[in-house]
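# Summary of structural features
In case you want the letters, here they are:
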Amino acid sequence: MPHVVLEGRISLDECRRDLVPFIVRDGGFLAKGERLFRDGEDQTLLIETLVVDRGHTQKFFIQVARRPEGAIVRLEPLTDPEKTPGVRRALAVVAKRIRDRTGARYGRSNIEEFLIP
């Protein structure tokens, strides 16, 4: 499952303002973060995401879950989209937005080639 671990002090309540809406366009790629949902305990955010990659459209949720040492950005397992390069790029976009807002750093990831410096 594609994911990015972010290390550092991360308050999901603080960074949620910057996560949606967003639109990223690049040639045949489009990623759009439309709506955000959070649990009542500030432990998990779900970002409703639309990705169009070379004409293939998918709608799914990106999950941002707090961890003691930071947070993990991954696909919400119940939506289970096809793990295309566009889906991986959308995860990287969300991880970068959180990193920029909080000053966290990238930790373990299995989508390193998509991470934005």
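Scroll up to find the structure this text is about.
Residues numbered from 1 in each chain as written. Predicted model: local features only at pLDDT ≥ 70, side-chain atom pairs only at ≥ 80, totals over all residues. Heavy atoms only, no water.

Okay, the side chain of Gln58 next. Here Gln58 shows up in strand 5 (residues 56–67). A polar side-chain atom of Gln58 sits 2.7 Å from the main-chain amide nitrogen of Glu82. Filtering out sequence-adjacent residues up to four positions away, Gln58 remains in contact with Thr49, Leu50, Val51, Pro81, Glu82, Thr84 and Val87. (Helix = DSSP H or I, 4+ residues; strand = E, 2+ residues; numbered from the N terminus. Polar contact = N/O pair within 3.5 Å; in protein donor to acceptor, adjacent residues only side chain to side chain. Contact = heavy atoms within 4.5 Å.)

Time to look at the packing of aromatic side chains. Under the counting rule described, the total for this entry stands at one aromatic pair. Note on Phe37 and Phe61: the rings are 6.0 Å apart at their centroids and 65° apart in plane angle, and the pair reads as edge-to-face. Here the residue Phe37 occupies a position in strand 3 (residues 29–38), and Phe61 occupies one in strand 5, the gap between them amounting to 24 residues. Since its relative accessible area comes to 24%, Phe61 is described here as partly exposed. Positioned over the ring face of Phe29 is Arg89, at 3.9 Å from the centre of the ring. (Phe/Tyr/Trp six-rings, centres within 6.5 Å; stacked < 30°, edge-to-face > 60°. Buried < 20%, exposed > 50% of the residue type's maximum accessible area, 1.4 Å probe, protein only. Lys NZ or Arg CZ within 6 Å of the ring centre and 35° of its normal.)

Attention shifts here to the pattern of salt bridges. On inspection of all chains with the given rule, the structure shows 14 salt bridges. In this structure, Arg89 and Asp26 form a salt bridge, with 3.0 Å as the shortest nitrogen-oxygen distance. In this pair, Arg89 is assigned in helix 2 (residues 85–102) and Asp26 in strand 2 (residues 22–26), connecting sequence segments 63 residues apart. Residue Asp26 is classed as partly exposed on the basis of its relative accessible area of 44%. Arg54 is paired through a salt bridge with Asp53; the nearest N and O atoms lie 3.8 Å apart. Overall, Arg54 belongs to the exposed group, its relative accessible area being 68%. The exposure class assigned to Asp53 is buried, which follows from its relative accessible area of 11%. One network of salt bridges, in which partners are shared, links Lys32, Glu34, Arg35, Glu48 and Lys59. (Salt bridge = Lys/Arg side-chain N within 4 Å of Asp/Glu carboxyl O.)

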